[in-house]
Every structure is written in structure tokens, then in C-alpha cells.
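The chain contents come next:
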Amino acid sequence: MIGQRIQDVMNEQIKHETFSAYLYFSMAAFFHSKSLDGMAQWMKAQAQEEFAHALRFFNHINDRGGRIELQALEKPQTVWESPLAAFKAALQHEEFITSKINDLAKMADEENDRAAAIMLQWFVTEQVEEEANVSTVIDMLELIGDSGHGLLMADRELGTRVAGPILPPQEV
Ligand code: OFO
């Protein structure tokens, strides 16, 4: 049975992960409005992965006899100054998510909740990758600067991204 404290914070995390998806859909819509369909595809793939993250918390609470309670989402930002500004905002958001995952991992240790600690280990590793992926795009866009040709090349490159599986088969 999951403890109340971990359950409450994991319910909160379902909201954060779902909001991540919502934010990245909003960025995808922004990129489509600028005809940067490759960047939009990158964000849509990211959004799908965020729903998978929310689902991992959903399943974990449920599998341990807890109660899932969904919370209200805020409206995400809809416009950014530039593609670079949007990706920088994505990195800032991922840093916030990393801090939430680290808080949860610390709480699992305090509560001596081994099941939660093991499940959260996956997220600790995943956040390293999440921040690295966005940082790579930021580096690329900073190199490109004001070059329209460079931006179109980057858009084509980012459009090749596909979402990973929603959940590993044993967790569906
Ligand atoms: Fe769920 O990792 Fe991004 O937010």
C-alpha cells in the first residue's frame, strides 16, 4: 500500500507531467503557426512522452492500492519571441521538473519506500536525458543565429524525431 505523503506528491506529479505535455503541445502549435513543422513535430513527440511519464505515476499509485486524483491544469504560454526562446523555456521547465523528481526521490528515501525509490530511479535518469536533448537543440539554434537557411535546415533535422513507446510492454 502506498503511503499518503508519497501518494499526494505523486498525484501532484501527474499534473506536472501532464502540464509538460500541454506546454509542449502549445509550443508545437506555435511552431506550426510559423511554418516550422519539423520543430512542431519534435514538440509533439516530446508531448507524447510526457503523457507516458504521467501514466507511469498513474499506474504506480493504482498498482499500490492508492487513489489517483487528477488536478486542474493552468493555461500554457502560447507565444514565444523566437524558436530559441521557446526551447530555452522548455529547458527551464525541464529543470523545474528535475527538481520535483529529486524532491520525490528524497521523500521516498525518508519514508523508506523502496518501491517508489526504484520507480523514481528511472525518472532521475530520464531527466538527465530530457535536459540534454533540449540543450542540444538550444546549442544548435545559437550556432545558427539569424540565418534563415540554417533555421530551415534545423527544422528539417528536428522533424525526424519520433516519440518513444508510450510505456514498456510490461507496464501497459
Ligand atoms: Fe516528464 O520529463 Fe519532461 O517534463
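Reading the values: the criteria
Sequence order sets the numbering: in each chain, residues are counted from 1 along the sequence as written. Under the rules for a predicted model, residues below a pLDDT of 70 receive no local features and side-chain atom pairs below 80 are neither given nor counted, while totals for whole chains, interfaces and linings still include all residues. Side-chain measures were taken over the full set of non-hydrogen atoms in the model, leaving aside hydrogen atoms and water. Helix numbering and strand numbering both begin at the N terminus, where a helix is a DSSP run of H or I of at least 4 residues and a strand a DSSP run of E of at least 2. We compute the radius of gyration over the C-alpha atoms and compare it with the globule rule, which gives 2.2 Å times the number of residues raised to the power 0.38. Relative accessibility thresholds used throughout: buried, under 20% of the residue-type maximum; exposed, over 50%; partly exposed, between the two (1.4 Å probe, protein chains only). By definition in these notes, contact holds between two residues if any of their heavy atoms fall within 4.5 Å. Exposure was quantified through the Shrake-Rupley algorithm and a 1.4 Å probe, taking into account, for residues, occlusion by the shown protein chains and nothing else. Patch criteria: residues need more than 30% relative accessible area and no salt bridge. Like-charged residues are merged within 9 Å; nonpolar side chains of Val, Leu, Ile, Met, Phe, Trp and Tyr are merged within 5 Å. Salt bridge, as used here: a side-chain nitrogen of Lys or Arg that lies within 4 Å of a carboxyl oxygen of Asp or Glu. The rule is short: rings of Phe, Tyr and Trp, with Trp giving its six-membered ring, pair when the centres are within 6.5 Å, and they are stacked under 30 degrees, edge-to-face over 60, tilted in between. Counting as a charge over the ring demands two things of the Lys NZ or Arg CZ atom: a distance within 6 Å of the ring centre and an angle within 35 degrees of the ring normal.

Caption draft 1: Representation of the overall build of the protein in the model. Helix and strand counts for the protein stand at five helices and zero strands. Taken from N to C terminus, the helices and strands of the protein fall in the order α-α-α-α-α. The C-alpha atoms of the protein give 17 Å as radius of gyration, which agrees with the globular expectation for 172 residues (16 Å, within 12%). For the C-alpha atoms alone, the extent of the protein along its principal axes is close to 55 × 30 × 25 Å. In the protein, which comprises 172 residues, the proportion classed as buried is 46%. Counting contacts in the protein only where the partners sit at least 6 residues apart, residues at least 24 apart contribute 83% of the total. By element, 54% of the accessible surface of the protein is carried by carbon and sulfur atoms, the whole surface being about 9,200 Å².

Caption draft 2: Spatial organisation of a nonpolar patch on the surface. A surface patch of nonpolar side chains, amounting to about 270 Å² of accessible area, comprises Leu-55, Phe-58 and Leu-70. You can see Leu-70 is positioned in the loop between α2 (37-63) and α3 (83-110).

Caption draft 3: Looking closely at the pattern of salt bridges. Per the stated rule, a full pass over the model turns up eight salt bridges. Arg-5 is the salt-bridge partner of Glu-111, the closest N and O atoms lying 2.5 Å from each other. Within this pair, whereas Glu-111 is found in the loop between α3 and α4 (114-144), its partner Arg-5 is found in helix α1 (residues 4-33), the two being separated by 106 residues in sequence. Taking the relative accessible area as the measure of exposure, Glu-111 reaches 36% and is therefore partly exposed.

Caption draft 4: Structural context of unusual backbone geometry. Here Ser-35, not a glycine, exhibits a phi torsion of approximately 60 degrees, which is positive. Position of Ser-35 among the secondary structure elements: in the loop between α1 and α2. Given a relative accessible area of 55%, Ser-35 falls into the exposed group. At Asn-112, a position not held by glycine, the phi torsion is positive, near 55 degrees. Relative to the assigned elements, Asn-112 resides in the loop between α3 and α4.

Caption draft 5: Just the packing of aromatic side chains, in detail. Applying the stated rule across the entire model yields seven aromatic pairs. Judged by centre distance (5.5 Å) and plane angle (50 degrees), the rings of Phe-30 and Phe-31 are tilted. Like Phe-30, the residue Phe-31 is buried in the burial classification. Through a chain of ring-to-ring contacts, three or more aromatic side chains come together here, namely Phe-30, Phe-31, Trp-42, Trp-80 and Phe-87. Over the ring of Trp-122 we find Arg-56; its NZ or CZ atom is 3.6 Å from the centre of that ring. Note that Arg-161 overlies the ring of Trp-42, its terminal NZ or CZ placed 4.4 Å from the centroid.

Caption draft 6: Structural view of the environment of Ala-40. Turning to its location among the elements, Ala-40 is positioned in helix α2. Under the relative-accessibility criterion, Ala-40 is labelled buried at 0%. Residues Ala-40 and Gly-148, spaced 108 residues apart in sequence, show a C-alpha to C-alpha distance of 17 Å. For Ala-40, the residues in contact, after removing those within four places along its chain, are Ala-28, Phe-31 and His-32.

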